Amino acid sequence: MTAPATGILDSFSPAARAWFRNTFAEPTPAQQLGWEAISPGQHTLLLAPTGSGKTLAAFLWCLDRLANRPPAAAGRDGKRAKRAGVSVLYVSPLKALSYDIERNLRAPLAGIRLACAREGLPEPDITVATRTGDTPARDREDIRKDPPDILITTPESLYLMLTSRAREVLRTVETVIVDEIHTMAATTRGAHLSLS
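Keep in mind that what you see is a predicted model, and the values were worked out from it rather than measured.

(A) Highlighting the layout of surface pockets. A volume near 1000 Å³ is recorded for the largest pocket. Contributing to the lining of the largest pocket are 34 residues, with Thr44, Ala58, Val176, Ile177 and Val178 lying nearest its centre. Broken down by element, the lining of the largest pocket gets its largest block of residues, seven residues, from helix α4 (residues 54-67). Residues belonging to the lining of the largest pocket are distributed by class as follows: 21 nonpolar, eight polar and five charged. Within this model, the second largest pocket holds a volume of roughly 460 Å³. Along the walls of the second largest pocket sit 18 residues, with Gly53, Thr55, Leu56, Ile101 and Asn104 positioned nearest its centre. Elements represented by at least two residues in the lining of the second largest pocket include exactly α4 and α5 (95-119). The element contributing the most residues to the lining of the second largest pocket is α5, with six residues.

(B) Fine view of the sheet that holds strand β4 (residues 175-178). A sheet is described by the order of its strands in space; here four strands give the open sequence β2-β3-β1-β4, paired in parallel fashion. Strand pairing shows two members of the sheet lacking a second neighbour, β2 (128-131) and β4, which therefore form its edges. Across the sheet, the mean angle separating the axes of adjacent strands is 15° when strand polarity is ignored. Across four bridges, the pairing between strand β1 (residues 88-91) and β4 is parallel. If you follow Leu89 over to β4, its bridge partner there is Val176.

The rules behind these values
Residues numbered from 1 in each chain as written. Predicted model: local features only at pLDDT ≥ 70, side-chain atom pairs only at ≥ 80, totals over all residues. Heavy atoms only, no water. 1 Å grid on protein atoms, 1.4 Å probe; cavity = no way out; pocket = protein on both sides within 12 Å on 5 of 7 lines; lining within 4 Å. Points joined across faces, edges and corners; volume = space filled by probe spheres on them. Helix = DSSP H or I, 4+ residues; strand = E, 2+ residues; numbered from the N terminus. Nonpolar A, V, L, I, M, F, W, Y, C, P; charged D, E, K, R; others polar. Pairing = 2+ DSSP bridges. Axes fitted to C-alpha atoms, helices over the stretch in contact; angles between N-to-C directions.

This is the structure:
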């Protein structure tokens, strides 16, 4: 038996819960069932139609966890201290989808920040970067030197990172989200991804 749709939201922080309730009427079945598996740390496969909220189901738990971690200490120059590495790795089969995902993360990130401000909580500092074959060398180096909290990439770029100095930023990954895995599973790219 599954929890009522509103019950699963109680496992989120007040800020994430407030943003979600102000944005959506209720969780979709994919979100409700996904969060029931994701929240205790289970490996989870979400299979649902396009537009059913799978991506948000995968990301909201991560965003909430990142938003509620202790703030990073400021560096000597007063700026945010550099993170040790990536926390969430998102692997997309297509470069275009990678850029869409980065854009689509802006709404929940902004919403959670606003909800934190309304609750009188510190504004979360969550950074996101995309690394594909089109990423300029300077941006790739920035990712290596000051890794984002969330890295969006493709199977090919992930492989290149794992075979370079950039692999160090992936040692801290806690969550891996693989999108559209069915499009890659039976292909050479899928085998490549499995190896990575």
